[in-house]
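Observations on chain architecture
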Amino acid sequence: MKKSILLLTIIAAFLFVSCSKPKTVCNSPTDNPQHNYFTGMELLEKGDVNNAKMKFERSIQCDPKFSPGYAGESLVLAKIANAKKDMGEKEVWVERSLDTLKKAKKYAKNKSEKYIYYITAIRTYTELRVEDWLDKTKDFYDDAKSIEKKVNYNELPYYQGPEALEYFMGVAYLKGENFQKSRDSFANVLNMSRQSKWHAPANKMWKKVDKIVRAMAGITIGDVGKKIAVKDSVSRADFAALLVDELRIEKIMEGRIPVKSKIANMKPEFIPADILNNPFRPEIEIILKWNIRGLSPIYDETTKAYLFFPNKPLTRKEFALILEDVLVKLTGDESLPRKYFGQENSPYPDVSPTAPWFNAVMNVVTRGLMETELSGEFRPNDYVDGAEALLAIRVLRQTLNVY
């Protein structure tokens, strides 16, 4: 009888082990929860979302209660959600991201993991921008500050120190269009005595936001200006909107024509097909009416037609040419496009005095409409960002006394 019971016990144990899901073993130097999480964060930093997602999933396979792994995966899912165009599909990914973030909070077993959770929560909500997202990021920030002095930063291999909290709160404020607080957050990183991996990106972001704050001073704080301010590149349509809505170029140009009937009869030569459904169509039509050089239709070899290319980003050399023409039209100074012709030397190491845009660059820089690097480089082929475009509009308004 005892032998039968023992035999049945052994068989039952064998069947249990056979039917159970095998436990994932992750104990090699490069295959453990911490290393997979760290690698995932670095991949995410490089924009490799798919491989980052695999690493976070692996970290959770290694330890189903590893909070940072869930935090990292939540951030990945938020980025995937943000890339979805279909709203129904987007909502599914948003829900998955927030559910995963809840698990990161649930499994955070010490102050360090809670700190990682709070920073990642700020990043996740900044990415998703769901209802009341900025208020929620402020709450996460306050929670992180409350435990900051008790955190063992040696347990934060990716974030490393308190600078990360200030940096990502600065990003949140920037996305939330609270530019002054964003600049203050990045300044907090720079003012911290300990140099960290976040100082260089914070310095770059501080310069960007500082330029936005300066540009927005005296500018109408409207939706157009604020939306364009945060852009890394400004399109032809964007700048057409700024010239019309912020500089009020239509009113200025009409003031230079004494005959009202002539103004009433002025119209664009034609309307390019690619602006018909553009939200800035009215502004673009005004710019076409006044024939601003650099914002004229461009011949397209594919369609064999002249198009406006509203979404085409402006390079700095193109922007200089546009600003020069605006100056000519608004000041009436026809000598500007020839002012620096024949100059043998260039003050800019990356702009030759024989370049077609040299004269324009000289005009806009000397008048404070555009800025160079400390090295003197103009960066002619770089894109114009939103802050730079707004700053140019602000200087034009001051020059022309337009308020």
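1. Describing helix α7 (residues 133-147)
Between the first and last C-alpha of α7 there are 22 Å, a value that for 15 residues agrees with the 21 Å anticipated at 1.5 Å per step. Buried residues of α7: Trp133, Leu134, Thr137, Phe140, Tyr141, Ala144 and Ile147, and no others. Down the axis of α7, the buried side of the element spans an arc of 140 degrees, and every buried residue falls inside it. Where α7 is buried, its residues touch α6 (111-128) and α8 (163-175).

2. Describing the nonpolar core
Grouped together as the largest cluster of nonpolar side chains are 115 residues, with contacts concentrated most on Tyr159 and Phe239. For Tyr159, the residues in contact, after removing those within four places along its chain, are Tyr37, Met41, Ile116, Ile119, Thr120, Arg123, Ala164, Phe168 and Trp198.

3. Examining the packing of helix α12 (residues 236-245) against helix α15 (residues 281-289)
Taken N-terminus to C-terminus, the directions of α12 and α15 make an angle of 80 degrees; their axes are 8 Å apart at the nearest point. Between α12 and α15, the crossing angle belongs to the class labelled roughly perpendicular. Within the contact between the two elements, α12 uses Ala237, Ala240, Ala241, Leu243, Val244 and Asp245 and α15 uses Glu283, Ile284, Ile286 and Ile287. Broken down by class, the residue content of the contact of α12 with α15 amounts to eight nonpolar, no polar and two charged.

4. So, the confidence of the model for the chain
Chain-level pLDDT for the chain is 88 on average; 89% of the residues reach the 70-or-more range. Counting interchain partners and residues more than four positions distant, the pLDDT-below-50 stretch residues 6-23 has zero contacts.

5. Side note on the environment of Ser335
Tracing the backbone through its elements, the reader meets Ser335 in the loop between α16 (316-331) and α17 (358-366). A polar side-chain atom of Ser335 sits 2.5 Å from a polar atom in the side chain of Asp333.

6. Considerations on the packing of aromatic side chains
Under the definition given, this model contains 18 aromatic pairs. Between Tyr117 and Tyr118, the aromatic rings sit 5.3 Å apart at their centres with planes inclined by 55 degrees, giving tilted as the arrangement. For Tyr117, a relative accessible area of 7% gives the class buried. The class of Tyr118 is buried, set by a relative accessible area of 15%. Taken together, Tyr158, Tyr159, Tyr167, Phe168, Phe186 and Trp198 form an aromatic cluster joined through their ring pairs. The ring of Phe308 has Arg236 lying over it, and the distance from NZ or CZ to the ring centre is 4.5 Å. Arg316 extends its terminal NZ or CZ atom over the ring of Phe378, reaching a point 4.4 Å from the ring centre.

7. Structural notes on the packing of α6 against α7
Helix-helix packing: each pair is described by the crossing angle between the helix axes and the interaxial distance. Where α6 meets α7, the closest approach of the two axes is 9 Å, and the angle between their N-to-C directions is 160 degrees. If you check the angle between α6 and α7, you find them roughly antiparallel. Two packed elements cross with a definite hand, and for α6 against α7 that hand is left-handed. Across the interface between the two elements, Lys111, Lys114, Tyr115, Tyr117, Tyr118, Ala121, Ile122, Tyr125 and Thr126 of α6 pack against Trp133, Lys136, Thr137, Phe140, Tyr141, Asp143, Ala144 and Ile147 of α7. Of the residues assigned to the contact of α6 with α7, the class counts are eleven nonpolar, two polar and four charged.

8. Digging into unusual backbone geometry
A positive phi is found at Glu177, a non-glycine position, where the angle reads about 65 degrees. As for its position among the elements, Glu177 is in the loop between α8 and α9 (179-191).

9. Section: the pattern of salt bridges
One pass over the full model with this rule turns up 25 salt bridges. For the salt bridge of Glu324 with Arg293, the shortest nitrogen-to-oxygen distance reads 2.6 Å. Separated by 31 residues along the polypeptide, Glu324 in helix α16 and Arg293 in the loop between α15 and β1 (298-300) bring together distant segments of the chain. Using a relative accessible area of 2% as the deciding quantity, one classes Glu324 as buried. A salt bridge links Lys304 to Glu301; the nearest nitrogen and oxygen atoms lie 3.2 Å apart. The exposed category is assigned to Lys304, whose relative accessible area is 54%.

10. Digging into the environment of Tyr117
Looking at the secondary structure, you find Tyr117 in helix α6. Taking the C-alpha atoms as reference points, Tyr117 and Pro68, separated by 49 residues in sequence, lie 6.8 Å from one another.

11. Describing the environment of Ala241
Within the secondary structure layout, Ala241 lies in helix α12. A relative accessible area of 0% means that Ala241 is categorised as buried. Taking the C-alpha atoms as reference points, Ala241 and Val224, 17 residues apart in sequence, are found 7.6 Å from one another. Setting aside its immediate chain neighbours within four residues, Ala241 contacts Val224, Glu246, Phe280 and Glu283.

12. Quick look at α8
If you check α8, its first and last C-alpha atoms are 19 Å apart, about what 13 residues at 1.5 Å a residue would give, namely 18 Å. Of all 13 residues in α8, twelve are buried; the element is thus mostly enclosed. Glu163, Ala164, Leu165, Glu166, Tyr167, Phe168, Met169, Gly170, Val171, Ala172, Tyr173 and Leu174 are the residues of α8 that are buried. Those residues of α8 that are buried are in contact with α6, α7, α9 and α10 (199-216).

13. Notes on the side chain of Asp385
Tracing the backbone shows Asp385 in the loop between α17 and α18 (386-400). Of the polar contacts made by the side chain of Asp385, one reaches the side chain of Lys211; its length is 3.4 Å. A polar side-chain atom of Asp385 sits 3.2 Å from the main-chain amide nitrogen of Ala387.

The rules behind each value
Residues numbered from 1 in each chain as written. Predicted model: local features only at pLDDT ≥ 70, side-chain atom pairs only at ≥ 80, totals over all residues. Heavy atoms only, no water. Helix = DSSP H or I, 4+ residues; strand = E, 2+ residues; numbered from the N terminus. Expected span 1.5 Å × (residues − 1). Buried < 20%, exposed > 50% of the residue type's maximum accessible area, 1.4 Å probe, protein only. Arc of directions from axis to C-beta. Contact = heavy atoms within 4.5 Å. Core = buried A, V, L, I, M, F, W, Y, C linked by side-chain atoms within 4.5 Å. Axes fitted to C-alpha atoms, helices over the stretch in contact; angles between N-to-C directions. Parallel < 35°, antiparallel > 145°, perpendicular 65-115°, else oblique. Nonpolar A, V, L, I, M, F, W, Y, C, P; charged D, E, K, R; others polar. pLDDT = per-residue confidence, 0-100. Polar contact = N/O pair within 3.5 Å; in protein donor to acceptor, adjacent residues only side chain to side chain. Phe/Tyr/Trp six-rings, centres within 6.5 Å; stacked < 30°, edge-to-face > 60°. Lys NZ or Arg CZ within 6 Å of the ring centre and 35° of its normal. Left-handed = near helix turned anticlockwise from the far one by under 90°. Salt bridge = Lys/Arg side-chain N within 4 Å of Asp/Glu carboxyl O.

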